[in-house]
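Residue-level listing of the chains:
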Amino acid sequence: MMWTPPATRSLFLLLLLGQAPPCRLQSSGTKKLRLVGPASRPEEGRLEVFHQGQWGTVCDDDFALQEATVACRQLGFESALTWAHSAKYGQGEGPIWLDNVRCLGTEDTLDQCGSNGWGVSDCRHSEDVGVVCHPQRHRGYHSEKVSNALGPQGRRLEEVRLKPILASAKRHSPVTEGAVEVRYEGHWRQVCDQGWTMNNSRVVCGMLGFPSQVPVNNHYYRKVWSLKMKDPKSRLNSLTKKNSFWIHRVDCLGTEPHLAKCQVQVAPGRGKLRPACPGGMHAVVSCVPGPHFHPQKPKPRRKESRAEELKVRLRSGAQVGEGRVEVLMNRQWGTVCDHRWNLISASVVCRQLGFGSAREALFGAQLGQGLGPIHLSEVRCRGYERTLSDCLALEGSQNGCQHANDAAVRCNIPDMGFQKQVRLAGGRNPEEGVVEVQVEVNGVPRWGTVCSDHWGLTEAMVTCRQLGLGYANFAIKDTWYWQGTPEAKEVVMSGVRCSGTELALQQCQRHGPVHCSHGPGRFSAGVACMNTAPDLVMNAQLVQETAYLEDRPLSMLYCAHEENCLSKSADLMDWPYGHRRLLRFSSQIYNLGRADFRPKAGRHSWIWHQCHRHYHSIEVFTHYDLLTLNGSKVAEGHKASFCLEDTNCPTGVQRRYACANFGEQGVSVGCWDTYRHDIDCQWVDITDVSPGDYIFQVVVNPTNDVAESDFSNNMLRCRCKYDGQRVWLHNCHTGDSYRPNAELSLEQEQRLRNNLI
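Here the structure is a predicted model, which means the values were calculated and not measured.

Right, let's talk about the overall build of the protein chain for a bit. When helices and strands are tallied, the protein chain shows 11 helices and 44 strands. In the protein chain, buried positions account for 52% of the 757 residues. When contacts within the protein chain are restricted to residue pairs at least 6 apart in sequence, those whose partners lie at least 24 apart make up 70%. For the protein chain, the exposed surface amounts to about 36500 Å²; the carbon and sulfur share of it is 50%.

The structure is reproduced here in C-alpha cells:
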C-alpha cells in the first residue's frame, strides 16, 4: 500500500526519531465489518473486516477504546463499551488484515484510521481483537442494502435484465424468460453460458422479483443461436467476437441477494487476445412469478399451502413486497427482532411470500413498530430455506428485544410496467398533482384524467403505490388550482373503486363506458403523496380489563345526548327521569407509525363544544358498536367528534399536542391518546339490548379520512357476554392479530373480569 506522508519536514523528524508515519488505508469504498464468536450477542464478538473478497481479523496491538468506538459506529451502534484482547471470542481464520490500528476516534470508518497497511502484520490469531458495543443502534443505521453493490474485484455490476427471444416470451408481462444481460460500468453485456448453473439462475430471478427458477430447453435455444451465427449479416454475429459484449463467467452459490455478490470474471484470465466465450452462447434463464404477478389465474391450492403461506406477512409498507416482518406463532401474530437480521434471512421471507430476493433488510422499526409479542430474534438463515420457520432463531424474549428493534424488508418485485401508465401533473412538487392515466381507447393508448366521483383515500393509496411515491396523504376531488397536461384533458376513467391491494389503478373496478357526472375540468381526481404515515392501534388488553356496566341517570346525560352519544330510544324518554345502561371502558390509541397523526381539517374549521369545553377536530374518529354473533348491529356509542392529544409519551419523547387553550391537536409518533372510562361518551348505550352473547367492536378512523400506513389494525373486537346484570369482555384483539378462526371460547379465556353494576 502507498503511504500518505505528511509534509517533508514532519517525515524527516519522524525518521530521526526512528518512527514511521502511520499508513492510511486507501480504499475504493468503505470496508465491511462484522462481529463473530461463539454464542455472542449481536453487539459483541471478534472483529473481522472484509477485504479483497475475504474476511480477515484485526490484531489487538495498539487497539483501544477509540478504535473500538470507530468500529462500533461503523457497525451501526451508538458507541463502544470496551474491547477484548487475546482472542477472547475465539481465533479467526484467514488473513490478519490489520495491525497497529490507530484512530483518533472521530473517523467514520476503520479504514480511515492509520495502520501498518492491509495484510502487514506480525501477529497470530491468538491476538485477534474483540469488541463490545453499546446495544443501542444509532439513528442513521437503518438497513443493509444491495444497491451499488461491489463485486469481489471491486467491479460494479449494476443491474440485470432478461432479453426475451421467443415470441411468446415477448408477450408476457412481466418478462420471465430470456437471455441474461448485465449492466457493467454503464454498458449492457450478455453472460456466457459456459459453466452457467441453476444457482446462477436463482440469483438472477431473485433480483428480478421472482421467487424461483426452472430449467430451459437449451437444445432449442442452441438451434436458434446457431441459425443467427450462420447469417453473416447478423449483428449478433459481429458482436459476439468482441470481448466487450460478454461477461466471461459467473459463479453463484444461489443464496446471494445480488449478482455482484457472486464470483464474477468479466474477461478471460490471459488478456483480451482470447475470446471471452469461445463456442458458447448467451445464458438463458426462465423464472417463475409469484401469485401476485402470475399472468394467468393461479390454480386452486390446497388448504395446507394456504395455512403455510399465512405464517409470515408484511405490514405497514407503502409498496407491495415491503413492510414490517410478522410471523404467526401460537395463533397470534408477532414481530421479528433485528438482531442478526440480514439480507439472506430477509430473502427467505421475500421468496416465501412470492417475491424475489431482498434488496434491503431494515432495522430499528424503520417501517413502524408492531404491538404484541416479539416472536423471533437472531434469525440465522442459510438462504435455501423454504420458510422462515426453517431457519435457526431464538425466542424474541430471550435477549431483551423491544419493538423499537422490529425488523422489516423491501423485496425485489417484477417490473410490470405499471409505473409508466400513470403520472401527476400541475402540482407544486413531484409528489402531488392531477392524476393522469394511460388506457387503451379502441385499441390505441391514450392519456387522460380520472373522474373524481367516488374518489377516496383508498384509490389515492393505490395511485401513490403505482407511482412509487409512498403513501397517499390526501385524495383530492377538486383540482381547479392544478393545470394538467393540455393533451390529457379528457376523462378516460370513471367509477374507480379499489380494494387497496391493487398494484395499479388499471386493476381496480371501474365503469365500462366512461360516465362522469361533473365532466372534465376542475373535478378531475388528484393526490398528494408522502414518504411516511401514521398508524393507529388500540390497546386491546386495556379495553378488556376496564369494561363495566353503569346505570346513569338522564339528569347527568344532557351533554352526551347533545353530542349523539346515546341510542335513538333516548330521544323518546321523559327527561330528566329515568336512566340509561352504559357499557363503559377505557381506550388507549397508540400511534405506531412514522408520522404524526393529524386531523384532516384545519384549525379554522374545528368545532367548539360548550358542553365539554374543548374543540373537536375530527367529525367521526371512532365507532363503538355491539353486534350479534352474525354481525348485526344492536347498539352503538360512536364518538361523533374527537379531541386529539398526546396523553402520554415514552421516555425521551416530548408531548407536542394538547387540546387545552385551542392547542394543536394530533398524536405524536410513539405516543398515545387515552380516553378514560369515566368521561362522557366513552361507552356503548346497551339499554335496549337483551341478555346474550355478542361481539363488542371498536373501529378507529372508520371512514379512512386520515391516511395511515396500515388500516388492517384499526378494528378491535372482543367477545361479550351479557346476562342482564353483568358483562364480560374476553378475547379482545385487533383485527389483524389473530387468524379469523383463532378466537378462544368463553370457557378457555383465563382472565375474565366479573363486572357488576
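Two measures describe an aromatic ring pair: the distance that separates the ring centres and the angle between the ring planes. Within the structure shown, the criterion is met by 14 aromatic pairs. Aromatic pair Phe50 and Trp55: ring centres 5.0 Å apart, planes at 55 degrees, arrangement tilted. What makes Phe50 partly exposed here is its relative accessible area of 27%. Aromatic pair Trp225 and Trp246: ring centres 6.2 Å apart, planes at 50 degrees, arrangement tilted. With Trp225 in helix H5 (residues 218–230) and Trp246 in strand E14 (residues 246–247), this residue pair connects regions lying 21 residues apart in the sequence. Judged by relative accessible area, Trp225 falls into the buried class, the value being 6%. Taking relative accessible area as the criterion, Trp246 reaches 1% and is therefore assigned buried.

Inspection of the entire model under this criterion finds 16 disulfides. Bridging Cys72 to Cys133, the disulfide has an S-S length of 2.0 Å. Here Cys72 and Cys133 share a disulfide; its torsion about the S-S bond, -85 degrees, makes the bridge left-handed. One end of the pair, Cys72, is in helix H2 (residues 65–75); the other, Cys133, is in strand E8 (residues 130–133), and 61 residues separate them in sequence. Accessibility classification places Cys72 together with Cys133 in one group, the buried group.

Here is what the cut-offs are and how they apply
- Residues numbered from 1 in each chain as written.
- Predicted model: local features only at pLDDT ≥ 70, side-chain atom pairs only at ≥ 80, totals over all residues.
- Heavy atoms only, no water.
- Helix = DSSP H or I, 4+ residues; strand = E, 2+ residues; numbered from the N terminus.
- Buried < 20%, exposed > 50% of the residue type's maximum accessible area, 1.4 Å probe, protein only.
- Contact = heavy atoms within 4.5 Å.
- Areas by Shrake-Rupley, 256 points an atom, 1.4 Å probe, with all protein chains shown as cover.
- Phe/Tyr/Trp six-rings, centres within 6.5 Å; stacked < 30°, edge-to-face > 60°.
- Disulfide = S-S within 2.5 Å.

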